[in-house]
Amino acid sequence: MKPGDDLGQSEAKSQRNENEEGNVIQEISRLKTCKEGVYVQASTFGILEAIIEHLNSPGVNVPVSGCNLGPIEKKDVMKASAMLKRKEEYAAILAFNVRVMPEADVLASESGVKIVTADTVYKLVDSFNEHIKRSKELKKMQCAVDAVFPCTLKILPNRVYRKKDPFLCDVEVLEGVVKVLLLALLF
């Protein structure tokens, strides 16, 4: 407060700011969210509302678990990191026209939360879809080592070399894929 300011005016201004902040929080709480989904951060309520509406549209269909206004801080990253235990690919913050605070950026990279930024809503959604695609490919590669890929084999006649354990013969692959596993065979 500066000298000459009226105490009543500054209290009224403070009251207005608190009321506006309360209205924004109330507006944010009415936005459609669910348990599993991405976290959305925007600079204004109108943009936030438009992004969430676009994400919930039938063609895009990206669920939203939470949202906030202003710069991305540690608390926002912590909220988004809850998805790491539920649905890992949704552990992301879609940020539009906001700053990422340095400590939030460090926490995001340490915890595995992806922060996606873009200058248009469409680029934001496209970047997130690329993130989802990469996550699924990575998961597929990680699981391929342990996965069993069935196949149908035909034992070729007159190509059986050993009938005792271990059985040794030539085969033809009729369906599927044969993967060679390196095992220590004991004879």
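For the structure, see preceding data.
Notes on the structure in this doc start here. (Residues numbered from 1 in each chain as written. Predicted model: local features only at pLDDT ≥ 70, side-chain atom pairs only at ≥ 80, totals over all residues. Heavy atoms only, no water.)

## A short note on the environment of Asn158
For step 1, the next point in the chain: By secondary structure assignment, the location of Asn158 is in strand S5 (residues 151–162).
For step 2, the next point in the chain: On the basis of relative accessible area, Asn158 is assigned to the exposed category, the value being 78%. (Helix = DSSP H or I, 4+ residues; strand = E, 2+ residues; numbered from the N terminus. Buried < 20%, exposed > 50% of the residue type's maximum accessible area, 1.4 Å probe, protein only.)

## So, the pattern of salt bridges
For step 1, the next point in the chain: Going through the model one piece at a time under the given rule, you end up with three salt bridges.
For step 2, the next point in the chain: For Lys123, the salt bridge identified is with Asp119, shortest N-O distance 3.5 Å.
For step 3, the next point in the chain: Among the residues examined, Asp119 registers a relative accessible area of 55% and is labelled exposed.
For step 4, the next point in the chain: Taking the shortest distance from any N to any O, the salt bridge between Arg159 and Asp170 comes out at 3.1 Å. With a gap of 11 residues between them, Arg159 in strand S5 and Asp170 in strand S6 (residues 168–176) connect regions that are remote in the sequence.
For step 5, the next point in the chain: In this structure Asp170 comes out as partly exposed when scored by relative accessible area, which is 24%. (Salt bridge = Lys/Arg side-chain N within 4 Å of Asp/Glu carboxyl O.)

## Some details on the sheet that holds strand S2 (residues 64–69)
For step 1, the next point in the chain: The four strands are arranged S2-S1-S3-S4 in an open sheet whose pairing can be described as parallel. Each of the sheet's edge strands pairs with one partner strand only, and the pair in question is S2 and strand S4 (114–118). With direction set aside, neighbouring strand axes in the sheet form an average angle of 20°.
For step 2, the next point in the chain: Judged from the five bridges that link them, strand S1 (residues 38–42) and S2 form a sheet pairing that is parallel. (Pairing = 2+ DSSP bridges. Axes fitted to C-alpha atoms, helices over the stretch in contact; angles between N-to-C directions.)

## Section: the pairing of S5
For step 1, the next point in the chain: With seven bridges connecting them, S5 and S6 associate as antiparallel partners. The partner of Thr152 across the bridge, within S6, is Glu175.
For step 2, the next point in the chain: Between S5 and S6, which pair antiparallel and follow one another directly, the connecting turn spans five residues.

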